[in-house]
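Examining the three-dimensional arrangement
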Amino acid sequence: MSQNYAIASADLGVRYNLRFTRKTTVRTSVANFVLRRPPERFWALRHVTFELSHGESLAVIGPNGAGKSTLLQVLAGIMRPSEGVVDVRGQVSGLLGLGVGFDLDLSGTENILLGGAFLGLPDGKVQELLPSIVDFADLGAFIDAPLKTYSSGMQARLGFSIATAVNPDILLLDEVLATGDANFRTKSKARVIELVKAAKGVVLVTHDMEWVREYCNRAILLEKGRVVLEGSPEEVVELHLERTAAAAAARQAEAIAKGLDPAALAGGRARGGRR
Amino acid sequence: MLPFRAMSSGDAAATIRQSPGGPSFLTLLRQGIADIVSRRRLIRYLVQADMKKRGTDTVLGNLWWILDPLLQLVVYVIFISIISRRPAPDYPLFIFAAIVPWKWFSAVVTDASGSVVRAEKLIRQIAFPKIVLPLSIATAEVVGFLWSLVPLGVLLLLHPARLSIMLVWFPVIAFVQFVFTVAVAIFVAATNVFFRDLGNALGHVLRLWWFLSPGLYSINSLESTNFVQEHPIIGDLFGINPFAVLFEAYRAVLYGTPDGALGTAHPPDLIALGVLLVASLLFLALCITFFKRVEPEFAKVL
């Protein structure tokens, strides 16, 4: 391990206890306890080891449900790993998921202040950043309107502006590059590139392979919570596309074996191909 | 290995180091208190946001803070006048001294139980100390409680013979109740994440608790009833019911002795109140620790 890393993760694992995940009632819990059923467990991530240096931009790619978002949640400190160690050096800011509205009844400005407090920024800093956040979000008169009147694109713009304005050491982005209109997309790409250039670490979850090839230094392919490949964006993207195609073909073959209706097959192939 | 630290303050060199394993009781308690102290401003914003939203949807707005306890008083006065042959003298004041504090408690507990679950989206997107959620609700409800003191004050002024200097004890009793309330709020907020049934059961538990507490009656009058003489356990329950202590204390300073004689306001039972305060502080420490212990699971369960 080099000494100058921004993020180091060693044998990271996140386990979900399905017993508590949604729809648990006292009745089923008591039944489980009385019958001594072992807890149903599920590893969303396991044996994930990687390192990110300052100034690097890491893409995390993989099919849906591979654990990409869970990885970002761990890096952001939202979730604690069940095993292994994660060391994140520096201030982290993240935009995980679209439309980070803090309070839909409050105005855009009030949401910026509230967001700053949620992120743990000192009050003076938020006041100082406020004009630039408002400026970047470019919402016009809507900045003083309640958040519930915003479109989802506008909410995402405000969220992106808040998350990136704090000038974090490490920026975590989950599928946010595709937000807003074309104009804002260009602006947000420029902002991310700026942050990458300013020797900050970026971890990005995306399905936009063009972006990965063009702007990331490294990439990780996750499948079913395991790292399949870590390496240069070109080879990782290539492998990912190969494996998606292979998975789609396998599904098709399986469907044919089961004697399914050919119309359903066409749909399955289209879904696989787009990824 | 450094203990786990959530995305904290603005200092640039903040380091997050995460590893599994359970910190000790005192570490958790210290972390919980540090969370609260370092996020005072967040709690303030959340309280302000709550204030702003309340009443904006209704015609009468904030007036409901005064109307709510008054209407509840009217309901109980009508109900008791029908079923009871001989209610205590100045009965409205007798029960209002308990209704107002109880409304405060039940509002906090009901609202706090859903506080973490409601913030589900935020919890999955940002790391922040979740304990601010039930705390901001408990704090916001203090304002509601202060508003409900307006009708209580008016009712007291209508009975000038019952006014006394003993009212200085009122804030002390309210403080003890606040400590107990915050502890319960933190507890239900965390538990409801894992057992959503709590939300359904809570309303009934609170109602039963209210009727088993000496709010509409005095402890003395209860001990003489047949039911309690046949089931002594009901009587014993009062020994461990914080609201038996609190209601008796409120009534001592606002109303006087339970027999209703005028000018009998007296200091509350300070020993009982002191014991309750110490027990509540311990319970609060336990609840903060419990909350901190299960907090890392919230993002997975929600």
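Sequence positions are assigned chain by chain, starting from 1 and proceeding in written order. Think of it this way: whatever chain is written first is A, whatever ligand is written first is 1, and the rest follow in order. With pLDDT at 70 or above as the cut-off, local features in this predicted model cover only qualifying residues; side-chain atom pairs require 80 or more to be listed or tallied, and sums for whole chains, interfaces and linings still use all residues. The basis for every side-chain value is the complete set of heavy atoms in the structure, and neither hydrogens nor water enter the calculation.

Another aspect to go through is helix α3 (residues 64–83) of chain B. Residues and elements named next belong to chain B. Helix numbers and strand numbers start at the N terminus; a helix is a DSSP run of H or I with at least 4 residues, a strand a run of E with at least 2. Expected helix span is given by 1.5 Å per residue-to-residue step, counting one fewer step than there are residues. An ideal rise of 1.5 Å per residue puts 28 Å on 20 residues; α3 measures up with 28 Å between its terminal C-alpha atoms. Each residue is assigned to one of three classes by its accessible area relative to the maximum for its type, calculated with a 1.4 Å probe on protein chains only: buried under 20%, partly exposed between the two thresholds, exposed over 50%. Among the residues making up α3, those that are buried are Trp-65, Ile-66, Pro-69, Leu-73, Tyr-76 and Ile-80. Within α3, the buried residues cover an arc of 110° as seen down the axis, which keeps them to one side. Of the exposed residues in α3, those oriented more than 90 degrees away from the buried face are Val-75 and Ile-82. Buried-residue contacts for α3 involve α2 (40–53), α4 (91–113), α7 (132–157) and α9 (197–212). The arc in question is the one traced by the directions running from the helix axis out to the C-beta atoms. Throughout, a residue-residue contact means that at least one pair of heavy atoms, one from each residue, lies within 4.5 Å.

Residues and elements named next belong to chain B. Of the two site types, the cavity is a set of points on a 1 Å grid over the protein atoms alone where a 1.4 Å probe fits but cannot get out, and the pocket is an open set with protein on both sides within 12 Å along at least five of seven lines, each lined by residues with an atom within 4 Å of a point. Grid points are joined across faces, edges and corners, and a volume is the space filled by probe spheres set on the points. The space that makes up the largest pocket amounts to roughly 840 Å³. Around the largest pocket, the lining is made up of 27 residues, and of these Ser-84, Arg-86, Leu-216, Tyr-217 and Ser-221 lie nearest the centre. When contributions to the lining of the largest pocket are tallied by element, the ones reaching two or more residues are α3, α4, α9, α10 (219–223), α11 (226–230) and α12 (232–240). Gly is placed with the polar residues, together with every amino acid not listed as nonpolar (Ala, Val, Leu, Ile, Met, Phe, Trp, Tyr, Cys and Pro) or charged (Asp, Glu, Lys and Arg). A breakdown of the residues in the lining of the largest pocket according to their chemical character gives 18 nonpolar, 6 polar and 3 charged.

This part takes up the pairing of strand β3 (residues 57–61) of chain A. Note on strand geometry: in a regular strand, side chains alternate between the two faces of the sheet. All names here are of chain A. Within β3, 5 of the 5 residues are buried, which leaves it mostly tucked inside the rest of the structure. Residues of β3 alternate between two faces, with Ser-57, Ala-59 and Ile-61 on one and Leu-58 and Val-60 on the opposite face, all of them buried. Strand pairing is assigned whenever DSSP identifies at least 2 bridges connecting the two strands. Here β3 pairs with strand β7 (residues 201–205) via 4 bridges, running parallel. From the neighbouring strand, Val-60 faces β7, where its bridge partner is Val-205. Taken together, the 4 bridges between β3 and strand β8 (residues 218–223) define a ladder with parallel strand orientation. Across the sheet, Val-60 pairs through a bridge with Ile-220, a residue of β8.

Right, let's talk about the side chain of Lys-130 of chain B for a bit. Tracing the backbone through its elements, the reader meets Lys-130 of chain B in the loop between α6 (120–123) and α7. Buried Lys-130 of chain B, no salt bridge; nearest opposite-charge side chain is Glu-295 of chain B, N-O distance 4.4 Å. Positive: Lys, Arg. Negative: Asp, Glu. His and the chain ends are not part of the count. A carboxyl oxygen of Asp or Glu within 4 Å of a side-chain nitrogen of Lys or Arg is what we treat as a salt bridge.

This part is about the packing of α4 of chain B against helix α13 (residues 242–254) of chain B. Residues and elements named next belong to chain B. Lines fitted to C-alpha atoms define the axes here, with helix axes fitted over just the stretch in contact, and angles between the N-to-C directions of these axes take values from 0 to 180 degrees. Packing of α4 against α13 brings their axes to within 9 Å, and their N-to-C directions diverge by 135°. When the interaxial angle is binned, α4 and α13 end up oblique. At the point where α4 passes α13, the crossing takes the right-handed sense. Only Phe-243, Phe-247, Tyr-250, Arg-251 and Leu-254 of α13 make contact with α4, whose side of the interface consists of Leu-93, Phe-94, Ala-97, Ala-98, Pro-101, Trp-102, Trp-104 and Phe-105. For the contact of α4 with α13, a count of residues per class yields 12 nonpolar, no polar and 1 charged. With respect to orientation, any angle under 35 degrees is reported as roughly parallel, any angle over 145 as roughly antiparallel, any angle of 65 to 115 as roughly perpendicular, and every other angle as oblique. In this scheme, a crossing is called left-handed if the near helix is turned counterclockwise away from the far one by less than a right angle; it is called right-handed if the turn is clockwise.

Now for the nonpolar core. Leu-75 of chain A together with Phe-298 of chain B are the most contacted members of the largest nonpolar core, which has 137 residues in total. Of the residues forming this core, the biggest block, 16 residues, is contributed by helix α8 (residues 170–194) of chain B. Beyond its immediate sequence surroundings of up to four residues, Phe-298 of chain B is in contact with Val-116, Ile-123, Lys-130, Ala-190, Val-193, Phe-194 and Phe-291 of chain B. Counting 20 residues, the second-largest nonpolar core is a separate cluster that includes Phe-136, Val-202, Met-209 and Ala-219 of chain A. Among the buried residues, those of types Ala, Val, Leu, Ile, Met, Phe, Trp, Tyr and Cys that are joined through side-chain atoms within 4.5 Å form a nonpolar core.

Another point: the packing of aromatic side chains. Under the pairing criterion, centres of Phe, Tyr and Trp rings, with the six-membered ring standing for Trp, must be within 6.5 Å; the plane angle then separates stacked pairs below 30 degrees from edge-to-face pairs above 60, leaving the rest tilted. Per the counting criterion, the structure on display carries 33 aromatic pairs over all chains. Their ring planes at 25° and their centres at 6.1 Å tell us that Phe-136 of chain A and Phe-160 of chain A sit as a pair that is stacked. Note that Phe-136 of chain A is positioned in helix α4 (residues 123–137) and Phe-160 of chain A in helix α5 (residues 152–165), a separation of 24 residues in sequence. Relative accessible area serves as the criterion here: at 0%, Phe-160 of chain A is assigned to the buried category. On the numbers, 6.2 Å between centres and 90° between planes, the contact of Phe-180 of chain B with Trp-209 of chain B is edge-to-face. In this pair, Phe-180 of chain B is assigned in helix α8 and Trp-209 of chain B in helix α9, connecting sequence segments 29 residues apart.

Moving on, we get to the confidence of the model for chain B. Residue and element names in this part refer to chain B. One confidence number per residue, pLDDT, is output by the predictor and ranges from 0 to 100. Scored by pLDDT, chain B comes out at a mean of 86, with 92% of its residues at no less than 70. Within chain B, the lowest mean pLDDT, 52, falls on strand β1 (residues 15–18), and the highest, 96, falls on α8. Taken as a whole, residues 1–15 scores under 50 in pLDDT and shows 42 contacts with residues more than four places along the chain or in a different chain. Overall fold confidence (pTM) sits at 0.84, and the ipTM for the predicted complex is 0.77.

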